[in-house]
Amino acid sequence: MTHGLDAAGLTLVPGQATVAVVGMPNTGKSTLFTQLTSAHAHIGNWPGLTVDLMQAELNLEGRSVQLVDLPGIYDLRGHSEDEAVVRRFLESTSVDLVVVILNASQIDRQLRLALQVRQLGLPALLLLNMADEARRFGVGIDLDQLARQLELPVLLISAKYRQGLAQARQAIARELTAAVPGAACPVRDLEIRLAAADDDLAGSMESILRAAVTFPAQWRDALTRRLDRWLLHPVLGLPIFFLVMALMFQTIYALGVPMQGALGTLISNFSQYVLSPLLVSWPPFLRGFIIDGLVLGIGTVSAFLPVIFLFFLAMGVVEDSGYLSRAAFLMDAFMERLGLDGRSFVLSLMGFGCNVPAILGTRVMRSSGLRLLSMLIIPFSLCSARLNVFLFMASVFFAPRQAALVIFGLYLLSFGAAILTALLFKGRFASEEALVLELPPYRLPTIPQVLRRAWAEVRHFWFWARRFIIFGVVSIWLLNNLPLGVAPASAQSLSGHLGELLQPLLAPIGINPRLTVALVFGFIAKEIVLGGLAVIYGQTASSGALGHALASEVSWVQAVSFMLFTLLYTPCLSTVAVIRTESKRLGFTIFSVLWSLILAWLVSFCFYQLAWLVGWR
C-alpha cells in the first residue's frame, strides 16, 4: 500500500491504529518485529522526534495497523537518548496498544518496565520472549497468575523459533478490538505519573514475582559459565577474539573468492556473447558507453556481492551467538583509556558492514563528547564497500594465503587508526558517561534468520549503492572518453588531465594518474572504486584481464599504498552526510574529513617511502 507523507515525513494512514513495541535491549524485540512484519518494514520520521523509527504495516484479521519498533530501553525514567526518545514518542503520539517485550528468563530484572507502562494507563500486552531459554534455565512462570497480578494479558513466546507468534497476533487484534474507539491519546504528565509510582515499584515487583514466578535453586546455564571462563579470560580473552576474527576472514576469503569468480565469469560471458552481438550495429560511442561503461563497471562491483553476503552472514552468527557483547565487555577497559567505551567498539564492528548505520547507532550515547569521538573513529572501519576493492587487489598481487593475511592486516590497521585518533583527540571530546552492558547467554543462531538478515543487508547495500555506482562508472567512462577523438584514458582525456593535476600530491605515495581518478570518485562512494578501475583500464575483473593490466604498470608496493589510502581516506559522501546530521556541527564534519585525508596520506607516504628505502619493488 502506498501512503501519503505529512510535512514531517511521517507515514500516516487516517483511522489506522498504532501499536508501539517497547522492550529492553537483547530481549528479541527486533527479532519479533521482523518475524511479524517480514520484509515490509521501513523507516518513518515521527513528529516531535529527532530520530527515525522502524515501522511496518501489519494486517491483523482483516484490520490494518501500523507497528512501530521503539528503541530498546532499560527504564522509562532513564537518562539515555533512547529512553528520552521513547518518552517523547508516548507524549506526542496517540498509541492504541503498547506491546511490551521482556526476556522470560530474566523477568526478575525486567518486570519494572512492564509496571511502568501499566502505570501510564496505556492499553498494553505483555509478551514474555525466549520461552525456550526460560525452560532451559529452570524458570517457571504461572501466566494466569501473572496476568491477574499485572492486570494485563500475558503470553509466552519464542520469536526466534516462531513459537507463539500466531497467538501473539491474535492477542494484538483482540486488544485493539476491545479498545474504545477514539480513546487513544498521547500520555500527559508522563514524568509526574512515573515519579509518583516509583517508590512502590520495588515492592510491587517482589510481590508479583513471589506469586507468579519460580526460580531454580541454582542457575542452570552451565554452558555459558564454562565458555566465559575462556572467552572472558583477562589474559586469553582478547587473543581468542582476534583469532576468531582472523579465522572468520580467512573462511570468508576462501569461500567468497571462487563464488565471486563464478559470478564474474557469468557477467563477462553475458557481455561478450549476448550483449556485444546485439549492439554490434550501434554507434561506437554509445556501444562503448553501455558495454565498457555501465555493464563493465556495474558488473565488476556486482560480482563481489557473494563475498559481502558471506561477511554479513558471519557477523550475524557472531552477534546472535552472544559473542559480540563479550567483545564489547573485553574491550571496555581498554576503550576507556581512549576516552571511549565498549559500545564504541561494537559500533566500530558494525561499521565493517557499513559506516552509516554505525554512526546512527551513536544515538544511544548520552555524552556529546563520547558520541563525537565515536563518530570520528567509526569511518576507519573497513566497510563492505572497501572490502571488495581489497579482495580484488589482494588476489592480483599476492598468493591466496598471503592475500587473506593482507586483508586481516587491513582490518587490524583500521583498529590502529581508530586507536590513534582516539588517543590524539580524547581530551577534546571528553566523556564521563558510565557503560551499562548486559551479557546474554550463549545461543545457537537460527540459520534461516541469519540467512534472511544477511540477504536483507546485501539488498540494502545494493539498493543504497547502486545510484552512486551508476553515477560513478558513467562519469569515469565519460572522463576517459572525452573529448572525442582522443585515445580512451590517455593523457589527453579529461581523466588524464585530472590525474596529472593531482600528481604532485599523490605521486609521493605511489599512486599513478589512473588510480588517482578512481580515488577521486571513491569520495562519492567507495563502491565506485573497483568499477571505476574496470572502466579506466577497459577490462573486467572476472576474466583476470583487469588484474593483468594493473600488475603490468603497478608494483605490489604501489598496490599496498593504494589500499592503505583507500582504507583511511575521506569517507564516502553518505557517511559525511550522516556525520553532519548526527553531530549537528559543520565544523566537526569538516574536521573529520580533513583528519582522515591527512592520516591516509601520512600512512601511505611512510609505507611507500620506507619500501623504496629498503629496496622493495
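Refer to the preceding data block for the structure.
So, here is what we can say about the structure in this document. Counting from 1, residues in each chain are numbered in the order their sequence is written. Local features in a predicted model are, by the rule used here, given only for residues with pLDDT of at least 70; side-chain atom pairs are given and counted only at 80 or more, and totals for whole chains, interfaces and linings are based on all residues. In computing side-chain values, all of the structure's heavy atoms are included and hydrogens and water are not.

It is worth spelling out the overall build of the protein chain at this point. Helix and strand definitions follow DSSP, with helices as H or I runs of at least four residues and strands as E runs of at least two, each counted in order from the N terminus. When you go through the protein chain residue by residue, the secondary structure sums to 26 helices and eleven strands. The buried share of the protein chain, reckoned over its 617 residues, is 54%. The contact criterion used is simple: two residues touch if any of their non-hydrogen atoms lie within 4.5 Å. Of the contacts formed within the protein chain by residues at least 6 apart in sequence, a portion of 77% connects residues at least 24 apart. Here the Shrake-Rupley method, with its probe set to 1.4 Å, supplies the accessible areas, and only the displayed protein chains count as covering residues. Split by element, the accessible area of the protein chain, about 26600 Å² in all, is 63% carbon and sulfur. Using a 1.4 Å probe on the protein chains alone, a residue whose accessible area is under 20% of its type maximum counts as buried, one over 50% counts as exposed, and one in between counts as partly exposed.

The next point concerns the packing of helix α16 (residues 384-397) against helix α24 (residues 556-568). For the pair α16 and α24, interaxial distance at closest approach is 11 Å and the crossing angle is 170°. In terms of their interaxial angle, α16 and α24 are classed as roughly antiparallel. For the pair α16 and α24, the contacting residues are Arg 386, Val 389, Phe 390, Met 393, Ala 394 and Phe 397 in the first and Trp 556, Ala 559, Phe 562, Met 563, Thr 566, Leu 567 and Leu 568 in the second. Side-chain classes follow a simple rule in which Ala, Val, Leu, Ile, Met, Phe, Trp, Tyr, Cys and Pro form the nonpolar group, Asp, Glu, Lys and Arg form the charged group, and the remainder, Gly included, forms the polar group. When grouped by side-chain class, the residues that make up the contact of α16 with α24 number eleven nonpolar, one polar and one charged. Inter-axis angles, ranging from 0 to 180 degrees, are taken between N-to-C directions of lines fitted to C-alpha atoms, where helices are fitted over the stretch in contact. Throughout, the term roughly parallel applies to angles under 35 degrees, roughly antiparallel to angles over 145, roughly perpendicular to angles from 65 to 115, and oblique to all others.

Here we take up the pairing of strand β3 (residues 17-23). Of all seven residues in β3, seven are buried; the element is thus mostly enclosed. Alternating positions in β3 separate into two faces, Ala 17, Val 19, Val 21 and Gly 23 on one and Thr 18, Ala 20 and Val 22 on the other, with burial throughout. At least two bridges found by DSSP between two strands is the condition for calling them paired. Looking at chain direction, β3 and strand β6 (residues 63-69) are connected through five bridges and run parallel. By the bridge assignment for β6, Val 21 is matched with Asp 69. Note: β3 against strand β7 (residues 97-103), five bridges, orientation parallel.

Stacked, edge-to-face and tilted are the three classes for Phe, Tyr and Trp ring pairs, Trp counted by its six-membered ring, which pair at centre distances within 6.5 Å; planes under 30 degrees apart are stacked, over 60 edge-to-face, the rest tilted. Under the definition given, this model contains 16 aromatic pairs. Plain terms: the ring middles of Phe 285 and Trp 477 are 5.0 Å apart, the flat faces sit at 65° to each other, and that makes the pair edge-to-face. Of the two residues, Phe 285 is situated in helix α10 (residues 284-302) and Trp 477 in helix α18 (residues 447-481); the sequence distance between them amounts to 192 residues. The exposure class assigned to Phe 285 is partly exposed, which follows from its relative accessible area of 38%. Judged by centre distance (4.9 Å) and plane angle (10°), the rings of Trp 601 and Phe 605 are stacked. Here Trp 601 pairs with Phe 605, and both are found in helix α26 (residues 586-613), just four residues apart, close to one helical turn. Classification of Phe 605 as partly exposed rests on a relative accessible area of 29%. Ring-pair connections join several aromatic residues into one group, and the members of that group are Phe 241, Phe 242, Tyr 323, Phe 345, Phe 352, Tyr 411 and Phe 415. Remark: a charge is flagged as sitting over a ring if the NZ atom of Lys or the CZ atom of Arg is within 6 Å of the ring centre and within 35 degrees of the ring normal. A cation sits over an aromatic face here: Arg 428 above Phe 591, 4.7 Å from the ring centre.

Attention now moves to helix α25 (residues 573-583). Among all positions of α25, only Ser 574, Thr 575, Val 576, Val 578, Ile 579, Glu 582 and Ser 583 are buried. The positive-phi residue at the C-terminal boundary of α25 is Lys 584, with phi of around 60°.

On to the packing of α16 against helix α22 (residues 527-537), then. In the contact formed by α16 and α22, the axes pass within 6 Å of each other and the chain directions differ by 40°. Viewed along their axes, α16 and α22 adopt a mutual orientation that is oblique. Packed against α16, whose contacting residues are Ala 385, Asn 388, Val 389 and Phe 392, the element α22 presents Glu 527, Val 529 and Leu 530 at the interface. Among the residues forming the contact of α16 with α22, the class breakdown is five nonpolar, one polar and one charged.

Think of a nonpolar core as a cluster: buried Ala, Val, Leu, Ile, Met, Phe, Trp, Tyr and Cys residues, connected wherever their side-chain atoms sit within 4.5 Å. One finds Phe 311, Met 393, Tyr 537 and Phe 562 to be the most contacted residues of the largest nonpolar core, which totals 115 residues. In terms of residues, this core owes the most to one element, helix α17 (residues 400-425), which gives eleven residues. Ignoring sequence-local partners within four residues, the contact set of Phe 311 consists of Phe 249, Ile 252, Phe 352, Gly 353, Leu 387 and Tyr 411. Core analysis: the second largest hydrophobic core is formed by 45 residues, Met 24, Phe 137, Leu 150 and Val 187 among them.

Another aspect to go through is the pattern of salt bridges. We define a salt bridge as a side-chain nitrogen of Lys or Arg found within 4 Å of a carboxyl oxygen belonging to Asp or Glu. Tallied over the full model, the rule gives six salt bridges. Between Lys 29 and Asp 69 there is a salt bridge; the shortest N-O distance is 2.7 Å. Taken together, the residues span a long stretch of sequence, with Lys 29 in helix α1 (residues 29-37) and Asp 69 in strand β6 at a distance of 40 residues. We note that Lys 29, like Asp 69, is buried. Asp 228 is paired through a salt bridge with Arg 326; the nearest N and O atoms lie 3.2 Å apart. Highlighted residues: Asp 228 in helix α8 (residues 222-231) and Arg 326 in helix α12 (residues 323-337), separated in sequence by 98 residues. Accessibility classification places Asp 228 together with Arg 326 in one group, the buried group.

All buried positions along helix α23 (residues 545-553) are accounted for by Leu 546, Gly 547, Ala 549 and Leu 550. Down the axis of α23, the buried set is contained in an arc of 165°. They therefore lie on one face. Residues His 548 and Ser 552 are exposed on α23 and point more than 90 degrees away from its buried face. If you follow the buried residues of α23, they end up packed against α16, α21 (513-522) and α22. Within this analysis, the arc is defined by the directions that extend from the helix axis to the C-beta atoms.

Moving on, we come to unusual backbone geometry. Of the consecutive residues Leu 482 and Pro 483, the connecting peptide bond is found in the cis state with omega at 0°. As for its position among the elements, Pro 483 is in the loop between α18 and α19 (494-501). Backbone geometry at Asp 189 places phi at a positive 55°, although glycine is not the residue there. As for its placement among the helices and strands, Asp 189 is situated in the loop between α6 (165-178) and α7 (190-212).

Another point: the environment of Ser 431. Take Ser 431: it is sitting in the loop between α17 and α18. Between the alpha carbons of Ser 431 and Ser 368 there is a distance of 7.5 Å; along the sequence they are 63 residues apart. Leaving out residues up to four positions away in the same chain, Ser 431 has contacts with Ser 367 and Leu 370.

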